[in-house]
Amino acid sequence: MGSQQWGDRAARIKRNQVPVLGRLAESLRAALARRPKGESDPEPGRVDLRGCWALAGSWAAALGGVHLGQMHQAFWAVGLWLLAGAGVLALLRPRHGRLGPSATPSFAAPALCCAAAALVFTQLVLTGAGANPVALDQAARDGNPVRIQLELTAAPRASMQTDKFSEDARPHQQFTVEARAVAVAGNGSWRGSGVPVRLSYPEPRAPHVPLTGGSAVEVIATVAASEPGDRQSFWLNASADLLPLGRLPAPGVFEELRGRFIGASAALPQPARALLPGMVFGDRSGADEALNEAMKVAGLSHLSAVSGANCAMVLGFVFSLCRLVGLGRAPTLVLGLAALLGFVFLVGYEPSVLRAAVMGTIAAVGLHASRGRNALAALTLAVVFLLAVDPWLAGEPAFQLSVLATAGIVVIGRPMAARFNRWMPAILAEGTAIALASQIACLPVLVALNPAFSLYSVPANLLVAPFISLITVAGTLAVVVLSLFPPAGMALVWIAGVPTMVVGLVGTWIASLPGALRPWPVGVAGVLLAWGIVLGTLIGQGHVNPTAGSWRSRSVLAAQGVVTGVLLGLLLPVTALVPAPVVDWLVVACDVGQGDGLLINAGDSGAVVVDTGKTPEDIAACLKRMRVKKVAALFITHRHADHDGGIDGVGARRPVDRFYYSAADDPADPPRLTDSRGTRITASQLGSGARGTAGPVAWRVLGPIPDGVFTGENDASLVVRFEIEVDGLQRPISLLATGDMEDEAMDQLIDNGLIEHADILKVSHHGAENGGVRTAPTVRPAVALISVGAENTYGHPSDEALRALEENQVAVLRTDLRGTIIVGWDGEMLRVSSLGPDPGRTPTRTPATSGG
């Protein structure tokens, strides 16, 4: 190449650099620009909501359809198609002798709604979602094991579990995996199936070769029906070793890429080492419970899961590169979609990842076109499509949050950013608007899942926002480059790892700030308040016009706006002064009316339950409210209805590991229950001296003692001392549960030296007069819990019992006055809060001292 040619090429490069540098300078000026304060706000514009009718129909059908049998699904599908067809015919009925649109297009919205719902029901019928194999149904009812062949649809997930009630208990690995039942053995032959199931098996049952998605196995397992509407119809628990079938699939290219990246990330310091794989492709296996909890409290947990934002950043990076080199729109789109497809394969093509890809594509296209109305229409279309393909998405909180966040950014975020731009640079205004709009839109789902909100979520997201794009792009490039040129790939890992370290440190710092997690009204009131804030935001931006319509509709909207404004003005500032409910609870006295129901936090082992009240509904509601997923042990102190009437409510939706009881006589028919796994458990009778552990909880039975005082069933009550290990505390927090044991039998335990100091006392026999008065000075508790029904006819608690506690300076907490009572540890002292019926009562803080 001659010197003239080199000169011409250099000139061309120089000419091309000018517009590129000019564009960069112009982008920088636009990012730092601010709108004049006197400039009026832009009109919000008309938002196209026509697709919302289809969205509502498909979502309602998906939520309800997965709970129905196949015949009911077919009935709804046919009926809705007929209604949709009738609506279309009504729209196209002859007008003035001509076939065309009707003068009254009021049938359009119902027709669209019915058609979308019919599409979802049709998908459920065609996939056989409501049909279950007879053999599995029968096995679930009878409890007999079945031989079944499965095809795994994902890689098994491991967790550590321990039988805490065995003296020589050793931790063991337990595996859980989703699978598809291929065939079920019955009557000497195999019967084909396609029902989705979930398999659980301990490490000794695992084959010697690693299993991955696509592996086929044969196993003998017990069967339990899942909750109605669950994606997996049955729970299988292996009762024999898993037998691999055929050749195991070799690890794919993307599995090797992920493994190589995780190995490279191990060179990073914590918390970057744990967070980076999650922020790049959703692998949270390296993060411990403390880090996960800190990220949740700070409102940053969404960063360690693949979301539409990751997909949008990948698309945006590819689009920017294509524009930089001057490619046209068509090649840019093709390359962008190819990169997105590769990213989906890298992360794994599970339903949540596919949902994130679709949502990310919508966000990127809407941002690229700067057409919010088009983005909302595309969002509704994508949601209808995804629900038609996978109706179970409708009940998944992750999917609900994705839809709401995307809609919030499109509808609320843009006008909010324009208003913020008066007071701050455009780049900061857009970041603040996106974080705040997402938080407002997602609030109804977030408070329904957990009645609390992250006070510093918006500033936390703003602090880490500048690093997210760099982490995602550099990390994704590192996954590919590590296999081509490891030194360059390792450099990219560190480029992504350093800002990841900053994100982790910001999250842990935010979580440690005072009041990082604030209380929110529980139940329907809290959800309605959240929707009121959403409505108030829409009214404030002009999307909802309070002056339109009749005077009645205007007055309703005005009242909603005033209420929302007052709530926003009062709730947000004042919550910083209101003590938050105890999150890491130790002991809960459930409000079960005139009866006893006690929960003890056993950490990863679940909860220990002491008595169940009269009805299954009351104890089940308390367990659900405290988010208890499994029960390590259930104690029935004695066989009275106000203590054992709710047994069925304990195992209805969760597994139960151990079941104990006491009774005056050794009955031929001890209490039994069937837990969520379908396991039939018979209670074991306990006596004085029995002991065991459940996670951080150790227990020892003190009474009744052999040949002790006995005047009736109450004196057969188990008196149990529980000791709860607490992180950072040198000694355990102790609880004495006394059942309904009466004064003479309790005095005998005291005289024998079996009763000693405890931090928390569950007062015997609901504070009855015959519960005795010697327990309080002997136990010297900091807190006394009295489980009693409001306005009961027994006169509980008695004046004598209350006076004995008062004379010993014991804080008395009653369920008839406070409702469910939660006792926790805040690092310095016991902290008590309540969940109604008197939520306005000031929570009590009580030190756990040796003398009470």
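The following refers to the structure shown. In this convention, every chain numbers its residues from 1, walking through the sequence in written order. Residues qualify for local features only when their pLDDT is at least 70, as the model is predicted, and side-chain atom pairs are given and counted only at 80 or more; totals for whole chains, interfaces and linings, by contrast, use all residues. Hydrogens and water are ignored here; the side-chain numbers use all heavy atoms of the structure.

Focus on the packing of aromatic side chains
Heads up, the condition is: Aromatic rings from Phe, Tyr and Trp, with only the six-membered ring used for Trp, were paired whenever their centres fell within 6.5 Å, and each pair was classed as stacked if the ring planes differed by under 30 degrees, edge-to-face if by over 60, and tilted otherwise. A run of H or I in DSSP counts as a helix once it spans at least four residues, and a run of E counts as a strand once it spans at least two, with each numbered from the N terminus. Only protein chains enter the calculation, and the probe is 1.4 Å; a residue is then buried if its accessible area is under 20% of its type maximum, exposed if over 50%, and partly exposed in between.
Summed over the entire model, instances satisfying the criterion amount to eight aromatic pairs. On the basis of an interplanar angle of 55° and a centroid distance of 5.5 Å, the ring pair of Tyr 660 and Trp 699 is categorised as tilted. Taken together, the residues span a long stretch of sequence, with Tyr 660 in strand S17 (residues 659–661) and Trp 699 in strand S22 (residues 697–703) at a distance of 39 residues. Per residue, the accessibility class of Tyr 660 equals that of Trp 699, and both read buried. Counting every residue linked through ring pairs, the aromatic cluster contains Phe 635, Tyr 660, Trp 699 and Phe 722.

Considering the pattern of salt bridges
Spelled out, the test is: Throughout this description, the term salt bridge denotes a Lys or Arg side-chain nitrogen within 4 Å of a carboxyl oxygen of Asp or Glu.
As enumerated under the stated definition, the model contains 13 salt bridges in all. For Asp 675, the salt bridge goes to Arg 677, with nearest N and O atoms at 2.7 Å. Taking the shortest distance from any N to any O, the salt bridge between Glu 723 and Arg 721 comes out at 3.1 Å. Of the residues examined, Glu 723 reaches a relative accessible area of 30% and is grouped as partly exposed. Members of the salt-bridge network, linked through shared partners, are Asp 657, Asp 675 and Arg 677.

Looking at empty space enclosed by the protein
Any empty space left between the atoms is revealed when a probe the size of a water molecule rolls over them. How we decide: In this analysis the probe radius is 1.4 Å and the grid spacing 1 Å, with only protein atoms considered; a cavity is a set of points the probe fits into but cannot get out of, a pocket is an open set with protein on both sides within 12 Å along at least five of seven lines, and lining residues have an atom within 4 Å of a point. Grid points are joined across faces, edges and corners, and a volume is the space filled by probe spheres set on the points. Under the convention adopted here, Pro, Cys and the residues Ala, Val, Leu, Ile, Met, Phe, Trp and Tyr are nonpolar, Asp, Glu, Lys and Arg are charged, and Gly plus all remaining residues are polar.
Within the structure shown, the criterion is met by four cavities of 30 Å³ or more. Lining the largest cavity are 14 residues; nearest its centre among them are Val 763, Ser 764, Gly 771, Gly 772 and Thr 775. With three residues, the single largest contributor to the lining of the largest cavity is helix H24 (residues 799–807). Per-class residue counts for the lining of the largest cavity are eight nonpolar, six polar and no charged. Approximately 60 Å³ is the volume found for the second largest cavity. Taken together, Ala 274, Leu 275, Arg 284, Ala 287, Asn 292, Met 295, Lys 296, Ser 301 and Ser 304 make up the full set of residues lining the second largest cavity. Listed by contribution, the elements that provide at least two residues to the lining of the second largest cavity are helix H7 (272–281) and helix H8 (289–297). Looking at which element gives the most residues to the lining of the second largest cavity, the answer is H8, with three residues.

So, the sheet that holds strand S23 (residues 719–724)
For clarity, the cut-off: Strand pairing follows a simple DSSP-based rule, namely that at least 2 bridges must link the two strands. Interaxial angle, 0 to 180 degrees, is taken between N-to-C directions of lines fitted to C-alpha atoms, where a helix line uses only the stretch in contact.
With mixed pairing, the seven strands of this open sheet are ordered in space as S21-S22-S23-S24-S25-S26-S27. The two strands at the open ends of the sheet, each matched to only one other strand, are strand S21 (691–694) and strand S27 (811–814). In this sheet, neighbouring strand axes are inclined to one another by 20° on average, regardless of whether the strands run parallel or antiparallel.

With respect to the environment of Val 146
This is how the line gets drawn: Between two residues, a contact is recorded if the distance between any of their heavy atoms is within 4.5 Å.
By the element assignment, Val 146 lies in strand S3 (residues 146–152). Look at Val 146 and you get buried, because its relative accessible area is 11%. Separated by 11 residues in sequence, Val 146 and Ala 135 have C-alpha atoms that sit 8.1 Å apart. Not counting residues within four places of it along the chain, the set of residues in contact with Val 146 comprises Ala 135, Leu 136, Ala 139, Val 219, Ile 220, Ala 221 and Val 223.

Regarding the state of the cysteines
Heads up, the condition is: The disulfide criterion used throughout: a pair of cysteine sulfur atoms within 2.5 Å.
All chains considered together, the criterion is met by one disulfide. Covalent S-S linkage joins Cys 590 and Cys 622, the inter-sulfur distance amounting to 2.0 Å. Measuring the twist about the S-S bond at about -70°, one finds the Cys 590-Cys 622 disulfide to be left-handed. Taken together, the residues Cys 590 in the loop between strand S13 (585–589) and strand S14 (597–601) and Cys 622 in helix H19 (residues 616–625) connect sequence positions 32 residues apart. Each member of the pair Cys 590 and Cys 622 is classed as buried. Counting only cysteine sulfurs, Cys 114 is the nearest neighbor of Cys 113, a cysteine outside any disulfide, at a range of 5.6 Å.

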